[in-house]
Amino acid sequence: MDIGQISEAIQRDGVWVVFVNVLLQQLGLPVPAVPTLLLAGSLALTSGQAGQMLLAAVAASVLADWLWYLAGRSFGYRVLNGLCRLSINPGSCVSETESRFLRWGLGSLVLAKFIPGFSTVAPPIAGALRMPLPGFIAAVSAGAMLWAGGALLAGWLLRERVREAIATLNEHGVLVVVALAVAAAVWLGWKLWQKYRFECLAAIPHITPAELIDALASPAPPLLLDLRGATMQAETGPIPGATPISLDELRALVGKEPWDRAIVTLCACPEDASAIKAARELGKLGYTSVRPLRGGYEAWLASARPQEEQEEIQPSGQP
């Protein structure tokens, strides 16, 4: 397809092309939207046409964010955990993103479109935390306006360069495909390298749920640090005897403990990502007896339930 055909297609169906492309991208599919917005901006014939494309992009973005918001409101941490499990690198856990969201508040939704990976995760976090819908819609609309408007404006300002780039792509199609394939391979290699590095970091002694239950019942129980996100803690309640904490708070909250204090870190991330990070960080600070809980919150829950049931049954069986 040459530049003339591309121009004709954008000018004829630009609004729908922009709407569908942005909607798919904001729903989480690996479909880049910024190149489409740049191209659409460069080929807009009038300010009215550019305005329609902007409204289409904003509408698609807000619709996708609203759907993610409803998913987070309905299913809570299960949605966030699902997004976390889709990541190639388990170290990039949603709980870290959630802590950023809590720090930045409503402004995080305005900036979300400009932060890779945050755009898809922020709306379900807002829903799970029961953020008021009017404030949510206002924030994501402002963010979408800045993001899409900036791309369309950049495309219009650089319209000659964009058209030259498209013409070059038409002339060297094979080279472009090879370059894209190489870029994709480099990106995948980098993600796999991050996963490998995490697996190396994860090779530290863990504690099993059964061992933790016995240790908590001992005369010198360990300090149990609960690194689950605020969303999950609000839904499932606190863990008895645990101290809720985030990775950013480790030094401040644990700094007064003796260096030889037994510490257990617990999270609800795939492959115990946050718990391992916390254990590594505490080890760097000088703590000598830190172990992450193997299997995280789900394993803890599975082990704690039989014990609770036994404690409930035992008194009724006494004479």
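To be clear, the structure that these remarks concern was listed above.
What counts and how
Residues numbered from 1 in each chain as written. Predicted model: local features only at pLDDT ≥ 70, side-chain atom pairs only at ≥ 80, totals over all residues. Heavy atoms only, no water. Helix = DSSP H or I, 4+ residues; strand = E, 2+ residues; numbered from the N terminus. Buried < 20%, exposed > 50% of the residue type's maximum accessible area, 1.4 Å probe, protein only. Areas by Shrake-Rupley, 256 points an atom, 1.4 Å probe, with all protein chains shown as cover. Salt bridge = Lys/Arg side-chain N within 4 Å of Asp/Glu carboxyl O. Pairing = 2+ DSSP bridges. Right-handed = clockwise from strand over helix to strand, strands pointing away. Axes fitted to C-alpha atoms, helices over the stretch in contact; angles between N-to-C directions. Contact = heavy atoms within 4.5 Å. Phe/Tyr/Trp six-rings, centres within 6.5 Å; stacked < 30°, edge-to-face > 60°. Lys NZ or Arg CZ within 6 Å of the ring centre and 35° of its normal.

(A) Region of the structure containing the overall build of the protein. Regarding its fold elements, the protein presents 15 helices and four strands. When the 319 residues of the protein are sorted by exposure, 41% land in the buried category. As displayed, the protein has an accessible area near 17,100 Å², and 64% of this comes from carbon and sulfur atoms.

(B) How the structure looks around the environment of V58. Tracing the chain through its elements places V58 in helix α3 (residues 47-75). Residues V58 and F19, spaced 39 residues apart in sequence, show a C-alpha to C-alpha distance of 8.3 Å.

(C) How the structure looks around the pattern of salt bridges. Following the criterion strictly, the structure yields three salt bridges and no others. Between K113 and D65 there is a salt bridge; the shortest N-O distance is 2.7 Å. Here D65 lies in helix α3 and K113 lies in the loop between α6 (107-111) and α7 (118-128), a separation of 48 residues in the sequence. Considered together, K113 and D65 belong to a single accessibility category, that of buried residues. Residue E257 pairs with R261 through a salt bridge whose shortest N-O separation is 2.8 Å.

(D) Region of the structure containing the pairing of strand β1 (residues 223-226). Burial along β1 is two-sided: L223 and L225 facing one way and L224 and D226 facing the other are all buried. Relative to strand β3 (residues 263-266), β1 runs parallel, the two being bridged by four bridges. In the strand pairing of β3, L224 is matched with V264. As a crossover connection, the stretch from β1 through helix α12 (residues 230-236) into strand β2 (residues 242-244) is right-handed.

(E) Structural context of the sheet that holds β2. Reading across from one edge, β2-β1-β3-β4 is the order of the four strands in this open sheet, with parallel pairing throughout. Strands at the two margins of the open sheet, each flanked by one partner only, are β2 and β4 (290-292). Geometrically, the sheet is characterised by an average inter-axis angle of 25 degrees between neighbouring strands, direction not taken into account. Sheet strands in contact with helix α14 (residues 273-285) are β1, β3 and β4, and its direction is about 150 degrees off that of β3.

(F) Looking closely at the packing of aromatic side chains. By the definition in use, this model includes three aromatic pairs. With 5.9 Å between their ring centres and 75 degrees between their planes, W16 and F19 make a pair best called edge-to-face. With W16 and F19 both in helix α1 (residues 3-26) and three residues apart, this pair spans about one turn of that helix. Lying across the ring of Y297, R228 places its NZ or CZ 4.4 Å from the centre.

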